[in-house]
Amino acid sequence: DPVDRGPTGLIRQMFESFHMMTFGFDKDAHSEAGSVVSSLLLAYTMLATILLLNILIAMMNDTYSHVSDTAKHQWQLERARIIASIEQE
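So, here's what we can say about the structure. (Residues numbered from 1 in each chain as written. Predicted model: local features only at pLDDT ≥ 70, side-chain atom pairs only at ≥ 80, totals over all residues. Heavy atoms only, no water.)

### Regarding the pattern of salt bridges
- As enumerated under the stated definition, the model contains 1 salt bridge in all.
- As a salt-bridge pair, E78 and R81 come within 3.1 Å of each other at their nearest N and O atoms. Here R81 and E78 lie together in helix α2 (residues 35-88), a separation of 3 residues that amounts to about one turn.
- Of the residues examined, R81 reaches a relative accessible area of 49% and is grouped as partly exposed. (Salt bridge = Lys/Arg side-chain N within 4 Å of Asp/Glu carboxyl O. Helix = DSSP H or I, 4+ residues; strand = E, 2+ residues; numbered from the N terminus. Buried < 20%, exposed > 50% of the residue type's maximum accessible area, 1.4 Å probe, protein only.)

Right under this line is the structure:
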């Protein structure tokens, strides 16, 4: 159908996908508001997804940094122990 290939068809398909993901959302209750509610809902969903991914990446980076620092300190401690044991012999 040529009507479904335009930008409005894409937006409608994205809204339908959102509706499938959020089972129980009554999309017919907002049909009189037109595309404004659909656009806001889509924008909110995309913004929330990007924000949550950014938070996840930041938390993983912080954890990696902490583990890396701890490993470096443990390596230096073990090196000092080995040097001390060699010097005692």
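Having seen the model, we can carry on.
### Concerning a nonpolar patch on the surface
- A grouping of L51, L52, I55 and M59 is seen on the molecular surface, where their side chains present a nonpolar patch of about 410 Å² in accessible area.
- With respect to the helices and strands, L52 occurs in helix α2. (Patch = residues over 30% accessible without salt bridge, like charges linked within 9 Å, V, L, I, M, F, W, Y side chains within 5 Å. Areas by Shrake-Rupley, 256 points an atom, 1.4 Å probe, with all protein chains shown as cover.)

### Brief notes about helix α1 (residues 7-21)
- Over its 15 residues, α1 extends 21 Å from the first C-alpha to the last, a length consistent with the 21 Å expected when each residue adds 1.5 Å.
- Listing the buried residues of α1 in full gives G9, F15 and F18. (Expected span 1.5 Å × (residues − 1).)

Just distances and angles here, no functional claims.
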